[in-house]
Amino acid sequence: MRYFVLATDYDGTIATDGQVNDQTLAALERLRASGRKLILVTGRQLDDLQQVFQRLDLFDYVVAENGALLYSPASRQEKLLGSQPQREFIQALRDRHVEPLSVGKVIVATWHPQETTVLQTIRDLGLELQVIFNKGAVMVLPSGINKAAGLLAALNEMKLSPHNVVGVGDAENDHAFLKLSELSVAVANALPTLKEQVDFVTDGKRGDGVVELIDKMIADDVSEVDEHLQRHKILLGTKADDSEVHIKAYGSSILLAGTSGGGKSTLATALLERIAEQNYQFCIIDPEGDYENFEPGVILGDTERSPRIAEVRDLLEQPNQNIVVNLLGIALQDRPVFFAELLAVLLELRSRTGRPHWIVVDEAHHLIPASWNPASLTLPQQLKGMILITVHPDQVASAGLSLVDTILTVGNSPEGNIKAFCETIGHCPPQLTPQTLEPGEALAWFSTEDLEPFRFRITPGRTERRRHVRKYAEGELGEDKSFYFRRPHSQLNLRAQNLILFTQIAEGVDDETWLFHLQRGDYSRWLREAIKDESLADKVAEIENSDGKSASESRDAIKAAIAQYYTLPA
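Not measured: the values here are computed from a predicted model.

Student: Is there a simple way to explain the sheet that holds strand E8 (residues 129–134) in this structure?
Tutor: Sheets are built from strands that pair by backbone hydrogen bonding, the pairs being arranged parallel or antiparallel. Within the open sheet, the four strands sit side by side as E6-E7-E9-E8. Their pairing is antiparallel. Only two strands of the sheet have a single partner each, and these edge strands are strand E6 (102–103) and E8. As paired strands, strand E7 (residues 108–111) and strand E9 (residues 137–142) are joined by four bridges and run antiparallel to one another. Residue pairing across strands places Thr110 opposite Val138, the latter belonging to E9. Of the strands in this sheet, E6, E7, E8 and E9 touch helix H3 (residues 87–95), which is tilted by about 20 degrees from E7.

Student: What exactly am I supposed to notice about the nonpolar core here?
Tutor: In summary, soluble globular proteins display a tendency toward joint burial of nonpolar side chains. Counting residues in hydrophobic clusters, the biggest one holds 38 residues, and the most contacted among them are Ile285 and Val361. Take this core: its biggest share by element is seven residues, from helix H11 (residues 335–353). Ignoring sequence-local partners within four residues, the contact set of Val361 consists of Ile285, Phe339, Leu367, Ile368, Met386, Ile387, Leu388 and Ile389. Val20, Leu38, Tyr71 and Leu213 belong to the second largest nonpolar core, which has 36 residues in total.

Student: So what exactly am I meant to see when it comes to helix H22 (residues 551–565) here?
Tutor: Owing to its 3.6 residues per turn, the α-helix brings residues three or four apart onto one side. With 15 residues, H22 ought to run about 21 Å at 1.5 Å a step, and its terminal C-alpha atoms sit 22 Å apart, in line with that. Within H22 the residues assigned to the buried category are Ala551, Ser554, Arg555, Ile558, Ala561, Ile562 and Tyr565. Each buried residue of H22 sits inside an arc of 130 degrees when the element is viewed along its axis, so together they form one side.

Student: Sorry if this is basic, but what is going on with the sheet that holds strand E17 (residues 298–300) here?
Tutor: On the basis of which strands lie adjacent, the open sheet formed by 11 strands has the order E14-E13-E23-E22-E21-E15-E20-E19-E16-E18-E17 and mixed pairing. In this open sheet, the two edge strands, each paired with only one partner strand, are strand E14 (244–247) and E17. For this sheet the average axis-to-axis angle between neighbouring strands, irrespective of direction, equals 25 degrees. Here strand E13 (residues 234–238) pairs with strand E23 (residues 454–458) via two bridges, running antiparallel. Bridge pairing in E23 places Gly237 opposite Ile458.

Quick notes on the rules
Residues numbered from 1 in each chain as written. Predicted model: local features only at pLDDT ≥ 70, side-chain atom pairs only at ≥ 80, totals over all residues. Heavy atoms only, no water. Pairing = 2+ DSSP bridges. Helix = DSSP H or I, 4+ residues; strand = E, 2+ residues; numbered from the N terminus. Contact = heavy atoms within 4.5 Å. Axes fitted to C-alpha atoms, helices over the stretch in contact; angles between N-to-C directions. Core = buried A, V, L, I, M, F, W, Y, C linked by side-chain atoms within 4.5 Å. Buried < 20%, exposed > 50% of the residue type's maximum accessible area, 1.4 Å probe, protein only. Expected span 1.5 Å × (residues − 1). Arc of directions from axis to C-beta.

Structural data, given as structure tokens:
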């Protein structure tokens, strides 16, 4: 199950003229019976809502006052998410005859056309307040308080992720919480501007539209929208025609295979960085300690201490916590058994929360070996959100490879990895001629789609750039890849075999030598051809082509550009 929560607006969404009909109530009960949660997100004040709607017990949480108040119907506890309105502000509005005027525990509300007076009063008093509009209503709230902030507070209480939420609404003030939700829905009566920005629009209006949505959630998790859900896709790289290559954020399982040094780490870390940037939760099982410096994840275990499964589970209960499970402290022969036990815990957590969204198995041929019979018993027949990384796909158990629908392969003979995958699971491979990938390229095959394998250039992430500091900033480039500072018409020949030496020598060479190379475009050419950093080379080329820069100015500009990509000594 992908969607564990339905977050819904009240007026104009589940309610018509302030009332929720019996058919909508019955649908809300069916959704709860399916194991899902309900959150009501409304601009109304809580006491007003309680007077018009008697079934708040259907909801796990109520976000009232447009995100400023969190209420638990089960415990009847309230939690303010913003500061109470200042008496000075309320009195000023009354003195200026702002009517009607409603004052909640945090929210202050009136109606059009009073917004002009409200805004002027805020400016006159120098207050940090915001004004939110909703079908003629004018709501004043502390800065940063909106329906998205309230929904996020409710989800944090429930230890659930916005990536497992369907949000539905109808008006301007719903934009924020719908954007936060993984799947955003507008009922048919919603404002045109809202319908233009959501992922899906129901055929029915108000409660009928919500009933329609609930039926789709229960039937198949609204799967009909998956192919059109583009805003969460994750970038891999670009094809030769500059078109981007993506994977789905949900519903894929990936085999990343290739020879050592072929670019697996570049692709894996870039992919995981982008998963983390979009706040999808991941758990990496790391047998060799390759991710010990991967910043988006907390490391559990090292060479001296084996990770504890209970510790992994407890940390992953927090929706925003990513984990790297380092297995160096576990004997090689014991790792498959540990993995099987850990996977069972991860799948149980997924059954309750939908997380972790991605389970990454590095050195998969060690953890799910073809020779290990119990592997077929510990892996379900379908498991999405998996990334299996290996040098030897033919040594991974067929039960593991059968989960895969996307193959990414790098290094020498990439077509051989696709062939090995197909032979292991008994699938007919595509017709592939021998491929020679350039450095930074990968071969992709989406095996369930009617597409032939294709090459693309990997878009590296920040971690991979830092990983290459040792090679490019501190390492030893060969003589043919080094930069040579040569003065025109002289014997000067200073070799810079890495970026540290380049910047140090650049500081010391005379202006004539520096400008000689600058005007020839030598610096950007070296960065492009030897360092193979297109982005940095483009920035340096702009500096080389800019008019009027002195030697010292261009020197400083190029050094600053390098520092954006590589950590150099101060």
